[in-house]
Amino acid sequence: MSALHESNLPSLKFLHRGKVRDLYEVDADHLLIVQTDRLSAFDVILPTPIPGKGEVLTAVSNFWFKKLGNVIPNHLSGIDPESVVKTDAERAQVRGRAFVTKKLKPLPIEAIVRGYLVGSGWKDYKKTGAVCGIQLPAGLQEAQKLPQPLFTPSTKAAIGEHDENISFEEARKLLGAELAEQVKNATLALYTQAADYALTRGIIIADTKFEFGVDKAGKLYLIDEALTPDSSRFWPADQYKVGSNPPSFDKQFVRDWLESSGWNKQPPAPQVPADVLQKTADKYREAQRLLTGT
């Protein structure tokens, strides 16, 4: 399978190339978001894409957008991405890997929710007894389920820079008290419903991040992607054991390789070996199969 590292759609106005997604303007009210096969780790874009990754992210996001529509509306417009481009070459680039969305104003935070004590949260807890300033009971172990999910927002950094965790009070200052409360409540409700469902499919969602936007009237929407292997930590439930970090269906496999490579987490990232890319692609597809049945 060939990989799409960057899209090229001359029939639409190009707006922005992010870490993973390319953004185009369809008209005054709609955007086209193309999910490429680029992979970002430690906030740096890796030089080698993962074939088929964008299609997995699109299929999984579409599944969750539909399943969680009772919690909060999302940015999907219902317009077929292939209908807004003009040539066969352009249609091939968007097929199965793009959304046509409502044009919304993205909020300046990432809404992170943690259900288990792992990753940077575990490192934070070992040092301070807290995660992002939220005090937790003493004696918790790595990968342990938290007494309740934690909402731990972060800033959204530019490419090549690192997101920074912020307190809920700081999020309130950025968003306003009412909107910050809405985002927190939506984040926790989305995570709880998704995590309960995923468990029935043999997957633990240890943590994830959501992004939100508002329309001109200030109404809140779920945007970007949702509960994909790119934005979440998925564990196989049958291999879960408190005290150790289970193998995961997500880009943690690549992160682990990068950690062991001696890379200093500053651009440029090293070339990732073909076998690591292939195993990562397999993990993404397995997560899609388990969660969506397709």
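These lines cover the structure that appears in this document, whether it is placed above or below. Keep in mind that what you see is a predicted model, and the values were worked out from it rather than measured. (Residues numbered from 1 in each chain as written. Predicted model: local features only at pLDDT ≥ 70, side-chain atom pairs only at ≥ 80, totals over all residues. Heavy atoms only, no water.)

### Some words on the packing of helix α4 (residues 168-175) against helix α5 (residues 177-200)
Between α4 and α5, the least distance of the axes is 7 Å, while the angle of their chain directions is 125°. Accordingly, the angle class assigned to the pair α4 and α5 is oblique. The two elements α4 and α5 meet at a crossing, and its hand is right-handed. When α4 is examined against α5, the residues Phe-168, Ala-171, Arg-172 and Leu-175 are found in contact with a partner set consisting of Ala-177, Leu-179, Ala-180, Glu-181, Val-183 and Lys-184. A per-class count over the contact of α4 with α5 returns seven nonpolar, no polar and three charged. (Axes fitted to C-alpha atoms, helices over the stretch in contact; angles between N-to-C directions. Helix = DSSP H or I, 4+ residues; strand = E, 2+ residues; numbered from the N terminus. Parallel < 35°, antiparallel > 145°, perpendicular 65-115°, else oblique. Left-handed = near helix turned anticlockwise from the far one by under 90°. Contact = heavy atoms within 4.5 Å. Nonpolar A, V, L, I, M, F, W, Y, C, P; charged D, E, K, R; others polar.)

### Some words on helix α3 (residues 120-128)
Along α3, the positions that sit buried rather than exposed are Gly-121, Trp-122 and Tyr-125. Burial along α3 is one-sided: seen end-on, the buried residues are contained in an arc of 100°. Exposed residues on α3 whose side chains face more than 90 degrees from its buried face are Lys-126 and Lys-127. Tucked into the core, α3 has its buried residues touching β8 (109-116) and β9 (130-131). Backbone geometry just after α3 places Gly-129 at a positive phi near 75°. (Buried < 20%, exposed > 50% of the residue type's maximum accessible area, 1.4 Å probe, protein only. Arc of directions from axis to C-beta.)

### Description of the side chain of Ser-231
You can see Ser-231 is positioned in the loop between β14 (220-223) and β15 (232-236). The exposure class assigned to Ser-231 is buried, which follows from its relative accessible area of 8%. Here Ser-231 is in contact with Asp-207, Thr-208, Lys-209, Glu-225 and Ala-226, once residues within four sequence places are set aside.

### Some points on the nonpolar core
Within the largest apolar cluster, 64 residues are counted, with the highest numbers of intra-cluster contacts made by Trp-64, Val-183, Ile-205, Phe-210 and Phe-212. Here the element with the most residues in this core is α5; it accounts for ten residues. Among the nonpolar cores identified, the runner-up in size contains eleven residues, and Tyr-24, Val-84, Val-94 and Ala-98 belong to it. (Core = buried A, V, L, I, M, F, W, Y, C linked by side-chain atoms within 4.5 Å.)

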